[in-house]
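# Geometric and topological summary
So you can see what is in the structure, the chains are spelled out below.
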Amino acid sequence: MIPGVAESLPPATLMPDRVYTLPELRYPVHLNAAVELLDTNADGGRAGRPAIHAGPRTITYGELQAQVNRLCHGLRSIGLGRGDRVLLRLPNVPEFIVSWLACQKLGIVTVGTMPLLRARELAYIAADAGTRAAIVIVAGEAKPGDTTLASLMTGHPERFAAESTDRDELAMIAYTSGSTGVPKGCVHFHRDILASADAYARHVLRPTEDDRFGGHPTLAFTFGTGGLMVFPFRFGASTVLSGPFAPESMLETFAAKRVTLAFCAPTSYRLMLAVPDMAKRFDLGSLRFGVSAAEPLPAATWREWHEATGVELLDGIGSTEMFHIFISSLPGRVRPGATGFPVPGYDCRVLDEDGREVPRGTAGLVAIKGPTGCKYWRKPDRQEEYVRWKGWNVTGDVYVQDEDGYLTYQCRSDDMIVSGGYKIPGPEVEHVLDEHPAVAESAVVAIPDATRGFIVKAFVVLRDARAARAGLVTELQDFVKRELAPYKYPRAIQFVDALPRTETGKIQRYILRRADVVPYDAPSAPASRGHE
Ligand code: 3UK
């Protein structure tokens, strides 16, 4: 492994136990994800088959391989190579895939970033990962002398010998949304990327080369990395890339491009259902399944979608730490409202706070062992929280398993708000609100919402209560949108005189979470404003 990079991984004692129970999860010692995903197809008789559909463009495996190889030469010519971290800041366009595969071939560690992230968040990630270069899309024409993807690719041969990476060598660092306000880098090896395809996709979706994968998750989010790039390429199938999600255009893409496997968040399925006459206007006959992840899929959404389209949605819970889905509904055995069963290759238990298994029917922390697992980059304390009790991955999700084995999601055990499929750490929004000159302190919680599952609501104590003028709500919302990814802004803001606190000074968020919470206009105990 690469010196200086490997040391940033948690020590062996904190690593999750990896289990490789299925024969298809045994890989050779030298393994390169790009070789497996691209070259095996392009050199194995699929050079003329489609790999990417993007708008009017179709890119075959052969064309993709030629572009990737030329970029490999180009990246090497500017001194980038094995072990370097490179930040990718691209939307769902073919250039993302070309750049990602080229980096993997060179043994470069890709650091994908969500397109909506802003300067503050990107600066943190770039510094934390120690990136040496970034591949970004910028507006305007390139000036002579600028380094562009095109200039890097010009004049280079279409063949390139990939680095012979170790199967357990760093391939990518994926950043979480950060439950304590600091995003955490999750390391995945070349082997992890393939194992997720060979466990989840192979056993649950059973893709063939005729499948077309489509949907909206960004390629930088591991839900999208898997669903819209790794899984299709692992099976010689193709991916359908589209612009930012809008219900009608997504339905139009599914119909026009004959998508067979859709990857969306539950909120998006609900928004598509709300399009008038959606099933009549859009021919969804090509769809085999719709994968639903990132937040719980309510039974009502499952039924409505099934009624409207005849297509089964497959709920699956995954995480950035685990790379992809580890508990999933199985085709033909869906119980609406339940997530489903452990994905073949994964072992799953429901445990109490001390790591003991709870009886069936009792809620507890879900714990996972499998071929993928959490490896935080430079966060040993966080590693200890996620990987507990001798190697179990503890995601922070509370589950109940019934007598038949079905696992049903209950809630999260921390302050992460899940809204419209986005993970929004409450404390991060609070930190930003607290920087506004009018704000004394704030508390942010999730409030149930029919469309988004939950919305972000901020309870704000002003420095001067008389400042609560009309317009301040919008001003605070805009302030958050400028500082953070806009989806994190509080859709509801309520001014209060004080925040409810425990004796030890902890904010009692459970009181704030009650939708019918009364405004705190009655004066509360002076001690409750601890910092004044
Ligand atoms: C929550 C779910 C209930 C859960 C993800 C599929 O969401 C993904 O990764 P993140 O790191 O968040 C992980 C957390 O999100 N969650 C995800 N799916 C479900 N809760 N039902 C679900 N089906 O709290 C989990 O711990 O953003 C999802 C594939 C890859 C991913 N990265």
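Residues numbered from 1 in each chain as written. Predicted model: local features only at pLDDT ≥ 70, side-chain atom pairs only at ≥ 80, totals over all residues. Heavy atoms only, no water.

## Here's the deal with the overall build of the chain
- The helix and strand inventory of the chain stands at 15 helices and 24 strands.
- The C-alpha atoms of the chain give a radius of gyration of 24 Å, which matches the 24 Å a tight globule of 532 residues would have.
- In terms of its C-alpha atoms, the chain occupies a principal-axis envelope of roughly 75 × 60 × 55 Å.
- In the chain, which comprises 532 residues, the proportion classed as buried is 56%.
- Sequence separation of at least 24 residues holds for 70% of the intrachain contacts in the chain that already meet a minimum separation of 6.
- Working note: accessible area of the chain is about 21,500 Å², and carbon and sulfur atoms make up 53% of it.
- Separation of charge centres in the chain, based on 59 positive and 62 negative side chains, amounts to 2 Å. (Helix = DSSP H or I, 4+ residues; strand = E, 2+ residues; numbered from the N terminus. Rg over C-alpha atoms; globule rule 2.2 N^0.38 Å. Buried < 20%, exposed > 50% of the residue type's maximum accessible area, 1.4 Å probe, protein only. Contact = heavy atoms within 4.5 Å. Areas by Shrake-Rupley, 256 points an atom, 1.4 Å probe, with all protein chains shown as cover. Lys, Arg positive; Asp, Glu negative; His and termini not counted. Charge placed at Lys NZ, Arg CZ, Asp CG, Glu CD.)

## Looking at the layout of surface pockets
- Size it by volume and the second largest pocket reaches roughly 600 Å³.
- Elements that contribute at least two residues to the lining of the second largest pocket include exactly helix H2 (61–77), helix H3 (94–106), strand S5 (131–136) and helix H5 (149–153).
- Along the lines of polarity and charge, the residues of the lining of the second largest pocket split into 19 nonpolar, four polar and four charged. (1 Å grid on protein atoms, 1.4 Å probe; cavity = no way out; pocket = protein on both sides within 12 Å on 5 of 7 lines; lining within 4 Å. Points joined across faces, edges and corners; volume = space filled by probe spheres on them. Nonpolar A, V, L, I, M, F, W, Y, C, P; charged D, E, K, R; others polar.)

## Quick look at empty space enclosed by the protein
- Scanning all chains against the criterion turns up one cavity of 30 Å³ or more.
- Considered as a void within the structure, the largest cavity measures approximately 60 Å³ in volume.
- As for the largest cavity, its lining consists of Phe96, Trp100, Thr110, Gly112, Met172, Ile173, Ala174, Leu219, Ala220 and Thr225.
- Of all elements in the fold, only H3, strand S4 (109–112) and strand S6 (170–175) reach the threshold of two or more residues within the lining of the largest cavity.
- Split by residue class, the lining of the largest cavity holds seven nonpolar, three polar and no charged.

## Brief notes about the packing of aromatic side chains
- Counted by the stated rule, this structure contains eleven aromatic pairs.
- With 6.0 Å between their ring centres and 25° between their planes, phenylalanine 213 and phenylalanine 263 make a pair best called stacked. In this pair, phenylalanine 213 sits in strand S8 (residues 212–215) while phenylalanine 263 sits in strand S10 (residues 261–264), placing the two residues 50 residues apart along the sequence. With respect to burial, phenylalanine 213 and phenylalanine 263 carry one shared label: buried.
- Centre to centre, the rings of tyrosine 376 and tyrosine 386 are 5.9 Å apart; their planes meet at 85°, and the pair counts as edge-to-face. Within this pair, whereas tyrosine 376 is found in the loop between strand S16 (364–369) and helix H12 (380–386), its partner tyrosine 386 is found in helix H12, the two being separated by ten residues in sequence. When sorted by exposure, tyrosine 376 lands in the same class as tyrosine 386, which is buried. (Phe/Tyr/Trp six-rings, centres within 6.5 Å; stacked < 30°, edge-to-face > 60°.)

## A short note on the sheet that holds S8
- Read from one edge of the open sheet, nine strands run S2-S1-S9-S8-S10-S11-S12-S13-S14, paired in mixed fashion. This sheet does not close on itself; its edge strands, each paired only once, are strand S2 (57–60) and strand S14 (341–342).
- Running at roughly 30° to strand S13 (residues 325–328), helix H6 (residues 190–205) makes contact with S8, S10, strand S11 (289–292), strand S12 (312–318) and S13 of the sheet.
- The sheet strands contacting helix H7 (residues 222–234) are strand S1 (50–54), S8, strand S9 (238–241), S10 and S11, and the helix crosses S8 at an angle near 170°. (Pairing = 2+ DSSP bridges. Axes fitted to C-alpha atoms, helices over the stretch in contact; angles between N-to-C directions.)

## Observations concerning unusual backbone geometry
- You will see that arginine 206, though not glycine, has its phi angle at about 45°, which is positive.
- Take arginine 206: it is sitting in the loop between H6 and S8.
- Unlike most non-glycine residues, aspartate 277 shows phi in positive territory, near 55°.
- Inspection of the secondary structure puts aspartate 277 in the loop between helix H9 (266–273) and helix H10 (278–281).
- On the basis of relative accessible area, aspartate 277 is assigned to the partly exposed category, the value being 47%.

## Notes on helix H1 (residues 33–46)
- Most pronounced at aspartate 39, the bend in H1 amounts to some 40°.
- In this structure asparagine 32 caps H1, since a side-chain oxygen of it lies 2.9 Å from the backbone nitrogen of alanine 34. (Bend = angle between axes of the 7 residues up to and from the residue. Polar contact = N/O pair within 3.5 Å; in protein donor to acceptor, adjacent residues only side chain to side chain.)

## Structural notes on the state of the cysteines
- All chains considered together, the criterion is met by zero disulfides.
- Of all cysteine sulfurs, the one in cysteine 72 lies closest to cysteine 103, which takes part in no disulfide; the gap is 8.1 Å.
- Not engaged in a disulfide, the cysteine cysteine 374 finds its nearest cysteine sulfur in cysteine 186; these two sulfurs lie 5.6 Å apart.
- By relative accessible area, which is 0% here, cysteine 374 ends up buried. (Disulfide = S-S within 2.5 Å.)

## Looking at the sheet that holds strand S23 (residues 453–462)
- Taken in spatial order, the three strands of this open sheet run S22-S23-S24, and their pairing is mixed. Edge positions in the sheet fall to strand S22 (439–449) and strand S24 (492–495), since each of these pairs with one other strand and no more. Adjacent strand axes in the sheet meet at a mean angle of 25°, parallel and antiparallel pairs treated alike.
- Relative to S24, S23 runs parallel, the two being bridged by four bridges. Within the sheet, the bridge partner assigned to phenylalanine 459 lies in S24 and is glutamine 494.
- Relative to the sheet, helix H13 (residues 426–435) contacts S22 and S23, its axis offset from that of S22 by approximately 145°.

## Structural notes on the site of the ligand
- The environment of the ligand is made up of 21 residues, and the closest members are Thr222, Asp315, Gly316, Thr320 and Asp397.
- The separation between a nitrogen atom of the ligand and a polar main-chain atom of proline 296 is 3.4 Å.
- In the environment of the ligand, a nitrogen atom lies 2.8 Å from a nitrogen or oxygen atom belonging to the side chain of aspartate 315.
- For the ligand, whose free accessible area comes to 610 Å², the fraction covered by protein is 96%.
- Those elements that provide at least two residues to the shell around the ligand are H7, S12, strand S18 (392–401) and strand S19 (407–412).
- In terms of residue class, the shell around the ligand is built from nine nonpolar, seven polar and five charged. (Near = heavy atom within 4 Å.)

## A short note on the domain arrangement of the chain
- The domains assigned to the chain are domain 1 (23–409) and domain 2 (420–512).
- Of note, the centres of domain 1 and domain 2, computed from C-alpha atoms alone, are 31 Å apart.
- Each partner contributes to the interface: domain 1 provides 16 residues, whereas domain 2 provides 22 residues.
- Of the roughly 1,500 Å² buried between domain 1 and domain 2 on both sides combined, carbon and sulfur atoms contribute 51%.
- Its largest share of buried area at the contact with domain 2, domain 1 owes to Leu116, Arg120 and Ser177, together 34% of the area lost on that side.
- Our enumeration of links across domain 1 and domain 2 arrives at three salt bridges.
- Here glutamate 483 and arginine 120 are joined by a salt bridge, their closest N and O atoms 2.4 Å apart.
- On inspection of domain 1 and its partner domain 2, the count reaches seven residue pairs in polar contact (both at pLDDT 80 or more). (Domains from an automatic or database assignment. Buried area = accessible area lost by both parts, 1.4 Å probe. Salt bridge = Lys/Arg side-chain N within 4 Å of Asp/Glu carboxyl O.)

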